[in-house]
Amino acid sequence: MQPRSSAWSLATIYGALIVFASLFPFEGWRAQGVDPRVFLTARIPPPYWTWFDVNTNIAGYVPLGFLLALGMLRDGRRARWAVPLVALLGALLSLGMEFLQIYLPRRVPSNLDLSLNAAGALVGALLALWPVALLFPT
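Residues numbered from 1 in each chain as written. Predicted model: local features only at pLDDT ≥ 70, side-chain atom pairs only at ≥ 80, totals over all residues. Heavy atoms only, no water.

> Tell me what's going on with the overall build of the protein, and back it up with residues and numbers.
A tally of helices and strands in the protein yields four helices and zero strands. Per-residue burial over the protein gives 38% buried out of 138 residues. Restricting the contact set of the protein to residue pairs at least 6 apart, pairs at least 24 apart contribute 81%. Carbon and sulfur atoms make up 70% of the accessible area of the protein, which amounts to about 8400 Å² in all. Computed over 10 positive and 6 negative side-chain charges, the separation of the two mean positions in the protein equals 9 Å. (Helix = DSSP H or I, 4+ residues; strand = E, 2+ residues; numbered from the N terminus. Buried < 20%, exposed > 50% of the residue type's maximum accessible area, 1.4 Å probe, protein only. Contact = heavy atoms within 4.5 Å. Areas by Shrake-Rupley, 256 points an atom, 1.4 Å probe, with all protein chains shown as cover. Lys, Arg positive; Asp, Glu negative; His and termini not counted. Charge placed at Lys NZ, Arg CZ, Asp CG, Glu CD.)

> Residue-level account of the side chain of Ser110, with values.
On the secondary structure map, Ser110 appears in the loop between helix H3 (82-101) and helix H4 (111-135). Each residue touching Ser110, except ones within four places of it in the same chain, is listed here: Phe39, Pro46, Tyr48 and Glu98.

> Just give me the short version of the pattern of salt bridges, but keep the residues and values in it.
Inspection of every chain in the model, using the stated rule, returns two salt bridges. Linking Arg106 and Glu27 is a salt bridge whose minimum nitrogen-to-oxygen distance equals 2.9 Å. One end of the pair, Arg106, is in the loop between H3 and H4; the other, Glu27, is in the loop between helix H1 (7-23) and helix H2 (51-74), with 79 residues separating them in the sequence. A residue is classified by how much of its surface remains accessible, and Arg106, at 60% relative accessible area, is exposed. Judged by relative accessible area, Glu27 falls into the partly exposed class, the value being 46%. Note that Asp35 and Arg37 form a salt bridge whose closest N and O atoms lie 3.2 Å from each other. Arg37 gets classed as exposed once you look at its relative accessible area, which sits at 57%. (Salt bridge = Lys/Arg side-chain N within 4 Å of Asp/Glu carboxyl O.)

> How would you sum up a nonpolar patch on the surface? Please name residues and give values.
Taken together, Leu40, Trp81, Leu85, Leu88, Leu89, Leu92 and Leu95 make up a surface patch of nonpolar side chains, about 610 Å² in accessible area. With respect to the secondary-structure elements, Leu40 resides in the loop between H1 and H2. With a relative accessible area of 39%, Leu40 lands in the partly exposed category. (Patch = residues over 30% accessible without salt bridge, like charges linked within 9 Å, V, L, I, M, F, W, Y side chains within 5 Å.)

> Which residues make up H1, and what values do they have?
For H1, with 17 residues, the first-to-last C-alpha span of 24 Å sits near the 24 Å given by 1.5 Å per residue. Those residues of H1 not exposed but buried are Ala7, Trp8, Ala11, Gly15, Ile18, Ser22 and Leu23. The buried residues of H1 occupy an angular sector of 125° when the element is viewed end-on, so they sit on one face. (Expected span 1.5 Å × (residues − 1). Arc of directions from axis to C-beta.)

Here it is, written out as structure tokens:
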């Protein structure tokens, strides 16, 4: 039996960092009288976007996608589904973070952030295919 990949532990730690970064400063939680789904139907791009935000939202989820896919690819049972499953997991984590930001007055949820984060997880998953194919050929 193949030993469990350390990618799982690293992905868990990195996921916790994403939660921390997404919800910091963790204060002022309150319902603001806004439908929590409102950001899903807002126009893209929002009026307040910057290229820095675009790049950091993609780059922030690439390592998570890479680590999750690496763990799945090393675990032969899930290798076939690694890329689509990681893309889905990245999108769900981002959706949760954006949804929770509705309740933090100093944070602004965004469907653009959601899309870019999901894209970052997908890019990371795709990048994981290359070293696994080189190091662990079937």
